[in-house]
Amino acid sequence: FFFLMIRRPPRSTQSRSSAASDVYKRQVSTQSTWESSQRKILKMNTRHGLKIYKLHRKSGQRWHLLRTMLTQLVQHERIRTTHTKAKFLRQHMEKLLTIAKDAEGSIPAQRRIQGILTTEFARKKLILEIAPRMKEVKSHRTRIVRLGTRKGDGAPVSYIELVG
């Protein structure tokens, strides 16, 4: 019965949400139009050039999918996959080839490759065979060739292959 005896203090006439909105209105009205237009421009330009392929997977699943596909691409030099996965793989394969160019004499570069590729055969092939071939090539070391659509679900399918 003690909880019935405790009285609440009387409420203020102005609710919290309306008080917060009044403060916000005052802040907005004091901003200059130039400031607000610049903020809109910055909001529009923030995503340019940032294409992130999520592939309907969590980050850990994406990482393991990427590692496996990179390893397969190094081993076979051409794999068949969906077009979106091929574009996702192309970005990372270019970076991996850039690391591999310096990896023959560099232990840190070899360790970075070891953290990405899953098999010893793929690591050796990348460092000893593929990287020397790509030494002179600066960019566009992979090629994506569209094959059409997959029969089961109609997904666009492509080959991704190493050039050179």
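For the structure, check the block above.
Residues numbered from 1 in each chain as written. Predicted model: local features only at pLDDT ≥ 70, side-chain atom pairs only at ≥ 80, totals over all residues. Heavy atoms only, no water.

Colleague: If you had to explain helix α7 (residues 120-133) to someone new, which residues and values would you point to?
Modeller: The end-to-end C-alpha distance of α7, which contains 14 residues, comes to 19 Å, matching closely the 20 Å that a straight helix rising 1.5 Å per residue would cover. Maximal helix bending in α7 amounts to about 40 degrees, located at L126. Along α7, the residues that are buried comprise A122, R123, K125, L126, I127, I130 and A131. In this structure, the buried residues of α7 make contact with α4 (59-76), α5 (83-101), α6 (107-116) and β3 (156-162). (Helix = DSSP H or I, 4+ residues; strand = E, 2+ residues; numbered from the N terminus. Expected span 1.5 Å × (residues − 1). Bend = angle between axes of the 7 residues up to and from the residue. Buried < 20%, exposed > 50% of the residue type's maximum accessible area, 1.4 Å probe, protein only. Contact = heavy atoms within 4.5 Å.)

Colleague: Give a detailed account of the sheet that holds β3, specifying residues and quantitative values.
Modeller: Judged by pairing direction, the sheet is antiparallel, and its three strands sit side by side in the order β1-β3-β2 without closing on themselves. One side of each edge strand has no neighbouring strand; the edge strands of this open sheet are β1 (78-82) and β2 (142-149). With direction set aside, neighbouring strand axes in the sheet form an average angle of 25 degrees. Direction of pairing for β1 relative to β3: antiparallel, over a ladder of five bridges. The residue bridging R80 from the neighbouring strand is Y159, located in β3. Its contacts with the sheet put α5 on β1, β2 and β3, and the angle it makes with β3 is roughly 15 degrees. (Pairing = 2+ DSSP bridges. Axes fitted to C-alpha atoms, helices over the stretch in contact; angles between N-to-C directions.)

Colleague: Could you give an account of the layout of surface pockets, naming the residues involved and the relevant values?
Modeller: The space that makes up the largest pocket amounts to roughly 150 Å³. Contributions of two or more residues to the lining of the largest pocket are made by α4 and α5. (1 Å grid on protein atoms, 1.4 Å probe; cavity = no way out; pocket = protein on both sides within 12 Å on 5 of 7 lines; lining within 4 Å. Points joined across faces, edges and corners; volume = space filled by probe spheres on them.)

Such coordinate-based values are descriptive only and should not be taken to indicate function.
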